[in-house]
Amino acid sequence: MRWIDGDWRLVTGSEADIQHLVSEGQPQAVAPGTPEFEKAGWIWINGAPQ
């Protein structure tokens, strides 16, 4: 995904891009609103918890 002209667009990545993303891994899933949530690097994208 890449931000282009004010919108997220799906773009083709190079093999190097793909390998970089794979090597980064991703944070473990944790419950929102817990200390682990922030520690893992997750952020709210829809505002306050509901």
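The structure displayed is predicted, hence computed values, not measured ones. (Residues numbered from 1 in each chain as written. Predicted model: local features only at pLDDT ≥ 70, side-chain atom pairs only at ≥ 80, totals over all residues. Heavy atoms only, no water.)

A. Molecular detail of the layout of surface pockets. Empty space within the largest pocket amounts to approximately 160 Å³. Taken together, Met1, Arg2, Val11, Thr12, Gly13, Asp17, Ile18 and Leu21 make up the lining of the largest pocket. Element by element, the count of residues in the lining of the largest pocket is highest for helix H1 (residues 15–24), at three residues. In the lining of the largest pocket, the residues fall into four nonpolar, two polar and two charged. (1 Å grid on protein atoms, 1.4 Å probe; cavity = no way out; pocket = protein on both sides within 12 Å on 5 of 7 lines; lining within 4 Å. Points joined across faces, edges and corners; volume = space filled by probe spheres on them. Helix = DSSP H or I, 4+ residues; strand = E, 2+ residues; numbered from the N terminus. Nonpolar A, V, L, I, M, F, W, Y, C, P; charged D, E, K, R; others polar.)

B. Main features of the environment of alanine 40. Inspection of the secondary structure puts alanine 40 in the segment after helix H2 (35–39). What alanine 40 contacts, discounting residues up to four positions off in sequence, is Pro27 and Gln28. (Contact = heavy atoms within 4.5 Å.)

Without other data, these values stay purely geometric and don't point to any function.
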